[in-house]
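What follows is each chain in one-letter form.
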Amino acid sequence: MMKLNKLDELFLTNWINLNFEEWNESDVREEFIAPLLKILGYSKGTVNDIIREKSLRLSKPFHRIGRKNVSIDYIPSLRLKSFWIIEAKPGKAKEMGYGDLLQAHLYAIHPEVKAPFIVLCNGWEIRVYDAYHVDSWDDAIFICRQEDCFDSFAELKGILSADSMLDYQRKRILHTVKDTFAVEIDENKLAAFKNDVNRLVDESYPLVRENVRQLRISTWRKEEEKERKELEKLDLKLLFVRMDIPTYAYLTPSKEFLRRVKNGSQKEREHLIDHLLMNYRSRPHAIFRVQCCYILLSLLKDDIEVKPSTYVKSIKSAFEEVVLGNLTYFSHNPLSHALCHLDNTSLRLAKKLSLRFAMDKLVKNTDEYNQTLTTEDRVIHKQTVARMMVRFIGLLGENLWREFCSLSSANEVWDGIWSLEIIEKVIETFPSKSYPDGDSDLLFFDSYGRGFDMLFMGTWDVIHGSEELLIKKEVSEEIINYAGMDREEALSSIPPSEVCPKDHMLDESIVKDLMNKYAIRF
């Protein structure tokens, strides 16, 4: 039997105090059944969707009820398949009648519905029937009444809830099978049945796995579309924020920016590109600079041009500026150069800190969260330690970055980087912890600046394979050669960080403050 949760108890507390004597069918349907379905795990627009007031056309044999068309109050669906219908009845009479059951039975067995279960509700009671085996009013599978709802609702939930209905149906089938063998005398029949069941289970594994795959694909597409619509509504400043999240290495925000450029007027295009380059030249993370490269390469491919302005001479010149700046870590600008390395160091330290000191707490939090999920949510929204860790690393990395990114000189930024590296050496003396179940965060932050990075390699990923286009557009030969590198050659070309001079005096208070702020508190 399923356990009642807080929401169940609130629903039942409200139910037991209601007087349905003046309620009509519409009242029962909208004020009682609608929240009941929510409690049972059904909701409009989800995989456990609800079809409301479905209209059915009756064939001639059924015209005897006096209508050619009827409407079903609710058809809750389980993973988009109908397993039961629920019909609302007025509350003026505390007991419903056989006529109500006959009418609902007609709806349930209709070819467009074929629901195995019938549920009748007038507020005073909820009656459940098997549509395929019901013969009389007294054949109810289960009845949950207002006066005993706190004692009986858990069993009703076990029968009808989205999380348990399939299990309940399978148990009923097994009970029926058991009854057939209670009078069987041939053991060969039992052995044959066992083989049939084993074969059915083996054949069902691929079906179940495909259901999981399709559910995940469907959910991913819906979430992708939802994100796309959200990005369309963002103002430009917030869109740039979405392009500047190191742990979100997707091009969705950039594609939204491109959509605005391509659909905009000439003046709007110039405004967008000017602001893109203004932000590029400020103090963004490497991920933003890589997304700028992707945007400008796309505009170059599509022959989209803008008039010269204070910030941009042409798309080609902007593209060259971005690529050359990315692959050299702005070697021509000491402050920007230091900030590129600060981005690597802050993310690298954030990853190492998190894996050593946050793992146990996140494992516990993840387990507790997943225990609250329904079956569907465990398939499509199951939280993983790695996913929680990514968010944690992102927040910590951003905090470390902000400790030094606003400093006014390259020397100050390098002092910050070297302070972080001192902490890193201390942190590395503690053992790193692995994710449970062989999971991974797919982040290589712990290698940033030490054989891998986002700025150089992300830019290489964007332009690699575009050599013909770059030659056609007559871009810098240095960029063309860079695009033609193989991966190993690119990895070996990442600009190295400066090493702290042996005679350089660091402010020990900075290191101590950072240790207290980010390390000891774990």
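That block above? That's the structure.
Not measured: the values here are computed from a predicted model.

## Observations regarding the pairing of strand E7 (residues 142-145)
Okay, so step 1: Across the two faces of E7 the burial differs, with Phe142 and Cys144 buried and Ile143 and Arg145 not buried at all.
Okay, so step 2: Across four bridges, strand E6 (residues 125-130) lies against E7 in antiparallel orientation. For Arg127, the partnering residue across the bridge sits in E7 and is Ile143.

## Considering the packing of aromatic side chains
Okay, so step 1: Here the structure, examined in full by the defined rule, presents 21 aromatic pairs.
Okay, so step 2: A centroid spacing of 6.2 Å and a plane angle of 45° characterise the contact between Phe11 and Trp15, whose relative ring orientation is tilted. You can see Phe11 and its partner Trp15 sitting in helix H1 (residues 6-15), four residues apart, about one turn around the helix. Side by side, Phe11 and Trp15 carry an identical accessibility label, which is buried.

## Focus on the state of the cysteines
Okay, so step 1: Overall, the coordinates contain zero disulfides when judged by the stated rule.
Okay, so step 2: In this model Cys340 remains outside any disulfide bridge; the closest cysteine sulfur is found in Cys292, 12 Å from its own.
Okay, so step 3: Exposure remark for Cys340: the relative accessible area of 7% places this residue in the buried category.
Okay, so step 4: Here Cys405 is not disulfide-linked; the sulfur of Cys340 is the nearest cysteine sulfur, at 13 Å.

## Digging into the environment of Val312
Okay, so step 1: Checked against the element boundaries, Val312 lands in the loop between helix H10 (286-301) and helix H11 (315-328).
Okay, so step 2: Along the primary structure Val312 and Leu327 are separated by 15 residues, whereas in three dimensions their C-alpha atoms are 20 Å apart.
Okay, so step 3: Sequence-distant contacts of Val312, defined by excluding residues within four places in its chain, comprise Ile273, Asp274, Leu277, Val306, Lys307 and Ala318.

## Some points on the side chain of Thr459
Okay, so step 1: Here Thr459 lies in helix H17 (residues 455-463).
Okay, so step 2: At 2.6 Å, the side chain of Thr459 and the backbone oxygen of Leu455 are in polar contact.
Okay, so step 3: For Thr459, the residues in contact, after removing those within four places along its chain, are Val290, Cys293, Val323, Asn326, Met454 and Tyr482.

## Things to note about a negative patch on the surface
Okay, so step 1: Together, Asp367, Glu368, Asp437 and Asp439 make up a negatively charged patch on the protein surface.
Okay, so step 2: Along the chain, Asp437 falls in the loop between helix H16 (410-427) and H17.

## Things to note about the pattern of salt bridges
Okay, so step 1: Throughout the structure, instances matching the rule amount to 28 salt bridges.
Okay, so step 2: Note that Lys157 is salt-bridged to Asp8, the shortest N-O span being 2.7 Å. Placement of the pair is Lys157 in helix H4 (residues 149-160) and Asp8 in helix H1, with a sequence separation of 149 residues. Pair check on accessibility: Lys157 and Asp8 agree, each one buried.

## What about the pairing of E6?
Okay, so step 1: With six of its six residues buried, E6 lies for the most part within the structure.
Okay, so step 2: Bridge count for strand E5 (residues 117-121) against E6 is five bridges, and the pairing is antiparallel. Note that in E6 the partner of Val119 across the bridge is Val128.
Okay, so step 3: The loop that links E5 with its antiparallel partner E6 comprises three residues; one of these, Gly123, has a positive phi angle of about 95°.

## What about helix H12 (residues 334-357)?
Okay, so step 1: Between its first and last C-alpha, H12 extends 34 Å over 24 residues, near the 34 Å set by a 1.5 Å rise per residue.
Okay, so step 2: With 22 of 24 residues buried, H12 is to be regarded as a mostly interior element.

## Describing the packing of H1 against helix H2 (residues 25-39)
Okay, so step 1: Packing of H1 against H2 brings their axes to within 10 Å, and their N-to-C directions diverge by 160°. If you check the angle between H1 and H2, you find them roughly antiparallel. The hand of the H1/H2 crossing is left-handed. From H1, Leu7, Asp8, Phe11 and Trp15 reach across to H2, where they touch Phe32, Pro35, Leu36 and Ile39.
Okay, so step 2: Its residues assigned to classes, the contact of H1 with H2 comprises seven nonpolar, no polar and one charged.

## Considerations on unusual backbone geometry
Okay, so step 1: The phi dihedral of Asp303 is positive, around 55°, even though this residue is not glycine.
Okay, so step 2: The class for Asp303 is exposed, based on a relative accessible area of 55%.
Okay, so step 3: Phi is positive for Tyr329, which is not a glycine, with a value near 55°.
Okay, so step 4: By secondary structure assignment, the location of Tyr329 is in the loop between H11 and H12.

Reading the values: rules and limits
Residues numbered from 1 in each chain as written. Predicted model: local features only at pLDDT ≥ 70, side-chain atom pairs only at ≥ 80, totals over all residues. Heavy atoms only, no water. Buried < 20%, exposed > 50% of the residue type's maximum accessible area, 1.4 Å probe, protein only. Helix = DSSP H or I, 4+ residues; strand = E, 2+ residues; numbered from the N terminus. Pairing = 2+ DSSP bridges. Phe/Tyr/Trp six-rings, centres within 6.5 Å; stacked < 30°, edge-to-face > 60°. Disulfide = S-S within 2.5 Å. Contact = heavy atoms within 4.5 Å. Polar contact = N/O pair within 3.5 Å; in protein donor to acceptor, adjacent residues only side chain to side chain. Patch = residues over 30% accessible without salt bridge, like charges linked within 9 Å, V, L, I, M, F, W, Y side chains within 5 Å. Areas by Shrake-Rupley, 256 points an atom, 1.4 Å probe, with all protein chains shown as cover. Salt bridge = Lys/Arg side-chain N within 4 Å of Asp/Glu carboxyl O. Lys, Arg positive; Asp, Glu negative; His and termini not counted. Charge placed at Lys NZ, Arg CZ, Asp CG, Glu CD. Expected span 1.5 Å × (residues − 1). Axes fitted to C-alpha atoms, helices over the stretch in contact; angles between N-to-C directions. Parallel < 35°, antiparallel > 145°, perpendicular 65-115°, else oblique. Left-handed = near helix turned anticlockwise from the far one by under 90°. Nonpolar A, V, L, I, M, F, W, Y, C, P; charged D, E, K, R; others polar.

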